[in-house]
Amino acid sequence: MNWWDELPLEALNETQWEALCDGCARCCMIKLEDEDSGEIVYTTVVCRYLDMDCARCTVYPERHVRVPDCVPFGAADAADFHWLPDSCAYRKRAAGKPLDWWHPLNSGRPESVQEAGISVIGHVVSEDQVHEDDLELHAVRWVSAEEVEG
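A short tour of the structure in this document, coming up. (Residues numbered from 1 in each chain as written. Predicted model: local features only at pLDDT ≥ 70, side-chain atom pairs only at ≥ 80, totals over all residues. Heavy atoms only, no water.)

## Focus: the overall build of the protein
And step 1. Along the protein, the regular secondary structure elements total 7 helices and 6 strands.
And step 2. Here the protein has a C-alpha radius of gyration of 15 Å; the compact-globule value for 150 residues is 15 Å, and the two agree.
And step 3. The 150 residues of the protein split such that 36% are buried.
And step 4. Within the protein, residue pairs in contact and separated by at least 24 positions form 57% of the contacts whose partners lie at least 6 positions apart. (Helix = DSSP H or I, 4+ residues; strand = E, 2+ residues; numbered from the N terminus. Rg over C-alpha atoms; globule rule 2.2 N^0.38 Å. Buried < 20%, exposed > 50% of the residue type's maximum accessible area, 1.4 Å probe, protein only. Contact = heavy atoms within 4.5 Å.)

Here is the structure:
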């Protein structure tokens, strides 16, 4: 077994924590929450600081300062990961589940995230191009890799 399958989130060092991120950038998608049901709805709109060609934050070290809605989270927040996509490695590991085959730690290739249809690359627009009142028009349901594989 590998460290990412064995170690609980609380035991990860900073390098391991960062490596656990698959780089899909779905966490950078603007999400809407239904006030009555609490349901989280993803949009195809992403944070203005996301480089949409490589799905990486251009202001990563200062993201929480520049974007107050960018939620910092760590291992102790595992119970609150409901806003992350089902495919998220942090959410999977918090639930005691293994990483998917396409995760770069398993595949050895960062491209596998995009090949599996998990990455936002080619599927999103910047919040700079969408008026805040139009976010609902960009609501989307992402199909999981498991649904694609059937």
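## Side note on the nonpolar core
And step 1. Counting residues in hydrophobic clusters, the biggest one holds 13 residues, and the most contacted among them are Leu9, Trp17, Leu20, Phe81, Leu84 and Tyr90.
And step 2. Of all the elements in the fold, those that place two or more residues in this core are helix 2 (14-20) and helix 4 (89-94).
And step 3. Those residues in contact with tryptophan 17 that sit more than four places away from it in its chain are Leu9, Leu12, Phe73, Gly74, Ala75, Phe81 and Tyr90.
And step 4. Grouped together as the second largest cluster of nonpolar side chains are 10 residues, Ala25, Val46, Val120 and Trp142 included. (Core = buried A, V, L, I, M, F, W, Y, C linked by side-chain atoms within 4.5 Å.)

## Concerning the pattern of salt bridges
And step 1. This structure, assessed with the given rule, holds 7 salt bridges.
And step 2. Salt-bridge contacts for glutamate 111 lead to arginine 109; the nearest nitrogen and oxygen are separated by 3.7 Å.
And step 3. We classify glutamate 111 as partly exposed; its relative accessible area is 44%.
And step 4. Through salt bridges with shared partners, one network takes in Arg48, Glu127 and Asp128. (Salt bridge = Lys/Arg side-chain N within 4 Å of Asp/Glu carboxyl O.)

## Focus on the packing of aromatic side chains
And step 1. Scanning the model with the defined rule gives 5 aromatic pairs in all.
And step 2. Between phenylalanine 73 and tryptophan 83, the aromatic rings sit 5.5 Å apart at their centres with planes inclined by 80 degrees, giving edge-to-face as the arrangement. Placement of phenylalanine 73 in the loop between helix 3 (63-66) and helix 4 and of tryptophan 83 in the loop between helix 3 and helix 4 is noted, with a sequence separation of 10 residues between them.
And step 3. You can call phenylalanine 73 partly exposed: its relative accessible area is 23%. (Phe/Tyr/Trp six-rings, centres within 6.5 Å; stacked < 30°, edge-to-face > 60°.)

## Focus on the pairing of strand 2 (residues 40-46)
And step 1. Judged by how many residues are buried, strand 2 sits mostly within the fold: 5 of 7 residues are covered.
And step 2. Note that strand 1 (residues 29-33) and strand 2 share 4 bridges and pair antiparallel. In the sheet register, methionine 29 faces strand 2, and the bridge partner there is valine 46.
And step 3. Linking strand 1 back to strand 2 in an antiparallel pair, the connection comprises 6 residues, with glycine 38 at a positive phi of about 80 degrees.
And step 4. Where strand 2 meets strand 6 (residues 139-140), 2 bridges bridge the pair, whose relative direction is antiparallel. Across the sheet, the residue bridging to threonine 43 is alanine 139, located in strand 6.
And step 5. Where strand 2 lies against strand 5 (residues 125-126), 2 bridges are found, and the strand directions are parallel. (Pairing = 2+ DSSP bridges.)

## Considerations on unusual backbone geometry
And step 1. Look at alanine 25: it is not a glycine, yet its phi comes out positive at around 70 degrees.
And step 2. By secondary structure assignment, the location of alanine 25 is in the loop between helix 2 and strand 1.
And step 3. Residue alanine 25 is classed as buried on the basis of its relative accessible area of 6%.
And step 4. Non-glycine residue alanine 55 carries a positive phi angle of around 60 degrees.
And step 5. Among the secondary structure elements, alanine 55 is positioned in the loop between strand 3 (50-51) and strand 4 (56-57).

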